[in-house]
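# What the coordinates show
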Amino acid sequence: MSSLEQTLSIIKPDAVERNLESEIKEMFKNKGFKILKEKKIQIDKSEAEKFYKIHETKPFYNDLCTYLSSGPIVVMTLERENAVLGNRELMGATNPQDAIEGTIRKKYGISIDKNSVHGSDSIENAKIEIDFFFKD
Ligand code: UDP
Ligand code: MG
């Protein structure tokens, strides 16, 4: 049974700022992900608020949106078998302190807010998030 999927990945400002873009892309490629689309952009706070709307009631929402809009990000569509779950595994836990060896957040994450990458958490949200950034 084949289940080729696409998911949305973002290299967040803390990682772009530290020039980790190629290292992180290498980690995706080593796990069999194909980068179908990518762009380096900076979004404004209102776009970040829209992107993270699911978190609007959380205490960290405002800081999160300020942070995501604070500098350049690299937005990518990744394709692979089971891409959504596979990317979540490769990213590691939200808090880098809890992330296991071999994950992006273990290797590069600084803190729970500066955790270097975003990844869609379901196939449904992956479609919504890919559309958000790449719908022409
Ligand atoms: N976040 C935070 N404080 C928290 C929980 C989350 O700053 O207590 C940030 C963190 O950068 C995280 C993002 O909010 O990546 C979205 O949270 P989510 O629970 O969706 O984590 P993720 O899916 O990114 O692992
Ligand atoms: Mg999430």
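Above this text is the structure in question.
In this text, all values refer to a predicted model and were calculated from it rather than measured experimentally.

## Looking at the site of ligand 1
- In the vicinity of ligand 1, the contacting residues are K12, H55, F60, L64, R88, T94, R105, I112, D113 and N115.
- K12 is positioned such that a nitrogen or oxygen atom in its side chain is 2.9 Å from an oxygen atom of ligand 1.
- Here an oxygen atom of ligand 1 sits 2.8 Å away from a polar atom, N or O, in the side chain of R88.
- Burial of ligand 1 by the protein chains amounts to 78% of its free accessible area of 500 Å².
- Because more than half of its atoms lie within 2 Å of the grid, ligand 1 is assigned to the largest pocket.
- Residues belonging to the shell around ligand 1 are distributed by class as follows: 3 nonpolar, 3 polar and 4 charged.

## Some points on the layout of surface pockets
- The calculated volume of the largest pocket comes to roughly 660 Å³.
- Along the wall of the largest pocket there are 26 residues; nearest its centre are Y52, H55, F60, L64 and H118.
- Those elements that place two or more of their residues in the lining of the largest pocket are α3 (45-51), α4 (61-68), α5 (83-91), β4 (117-119) and α7 (123-134).
- Looking at the lining of the largest pocket element by element, the count peaks at 4 residues for α7.

## Looking at the packing of aromatic side chains
- In total, this model carries 5 aromatic pairs according to the counting rule given.
- Plain terms: the ring middles of F51 and F132 are 5.5 Å apart, the flat faces sit at 55 degrees to each other, and that makes the pair tilted. Here F51, found in helix α3, pairs with F132, found in helix α7; they are 81 residues apart in sequence, far enough to count as distant.
- On the basis of relative accessibility, which here comes to 30%, the residue F132 falls in the partly exposed class.
- Seen in terms of ring centroids, F132 and F133 are 4.9 Å apart; in terms of plane orientation they differ by 75 degrees. Their pairing is edge-to-face.
- One aromatic cluster in this structure is built from F51, Y52, F132 and F133.

## Considering α5
- All buried positions along α5 are accounted for by A83, V84, G86, N87, L90 and M91. An end-on view of α5 places all buried positions within 170 degrees of arc, on one side of the element. The outward face of α5, more than 90 degrees from its buried face, is lined by the exposed residues L85 and E89.
- Among the structural elements, β1 (4-11), α2 (21-30), β3 (73-81), α6 (104-108), β4 and α7 are those in contact with the buried residues of α5.
- Downstream of α5 by one or two residues, G92 has phi in the positive range, about 90 degrees.

## Things to note about the nonpolar core
- Core analysis: the largest hydrophobic core is formed by 17 residues, its most contacted members being I11, I24, F28 and I104.
- Counting residues per element, the ones that place at least two in this core are α1 (13-17), α2, β3, α5 and α6.
- Judged by nonpolar contacts, the second largest core, of 15 residues, contains Y52, L68, I73 and F134.

## Focus: the sheet that holds β4
- A sheet is described by the order of its strands in space; here 4 strands give the open sequence β2-β3-β1-β4, paired in antiparallel fashion. Each edge of the open sheet is held by one strand with a lone partner, namely β2 (34-41) and β4. Neighbour to neighbour, the strand axes of the sheet diverge by 20 degrees on average, direction disregarded.
- As defined by bridge partners, β1 adjoins β3 across 8 bridges and the pair is classed as antiparallel. Opposite L8, over in β3, you have T77 as the bridge partner.
- Along the sheet face, α7 touches β1, β2, β3 and β4 and points at about 55 degrees away from the line of β1.

Here is what the cut-offs are and how they apply
Residues numbered from 1 in each chain as written. Chains lettered and ligands numbered in written order. Predicted model: local features only at pLDDT ≥ 70, side-chain atom pairs only at ≥ 80, totals over all residues. Heavy atoms only, no water. Near = heavy atom within 4 Å. Polar contact = N/O pair within 3.5 Å; in protein donor to acceptor, adjacent residues only side chain to side chain. Areas by Shrake-Rupley, 256 points an atom, 1.4 Å probe, with all protein chains shown as cover. 1 Å grid on protein atoms, 1.4 Å probe; cavity = no way out; pocket = protein on both sides within 12 Å on 5 of 7 lines; lining within 4 Å. Sits in = over half its atoms within 2 Å of the grid points. Nonpolar A, V, L, I, M, F, W, Y, C, P; charged D, E, K, R; others polar. Points joined across faces, edges and corners; volume = space filled by probe spheres on them. Helix = DSSP H or I, 4+ residues; strand = E, 2+ residues; numbered from the N terminus. Phe/Tyr/Trp six-rings, centres within 6.5 Å; stacked < 30°, edge-to-face > 60°. Buried < 20%, exposed > 50% of the residue type's maximum accessible area, 1.4 Å probe, protein only. Arc of directions from axis to C-beta. Contact = heavy atoms within 4.5 Å. Core = buried A, V, L, I, M, F, W, Y, C linked by side-chain atoms within 4.5 Å. Pairing = 2+ DSSP bridges. Axes fitted to C-alpha atoms, helices over the stretch in contact; angles between N-to-C directions.

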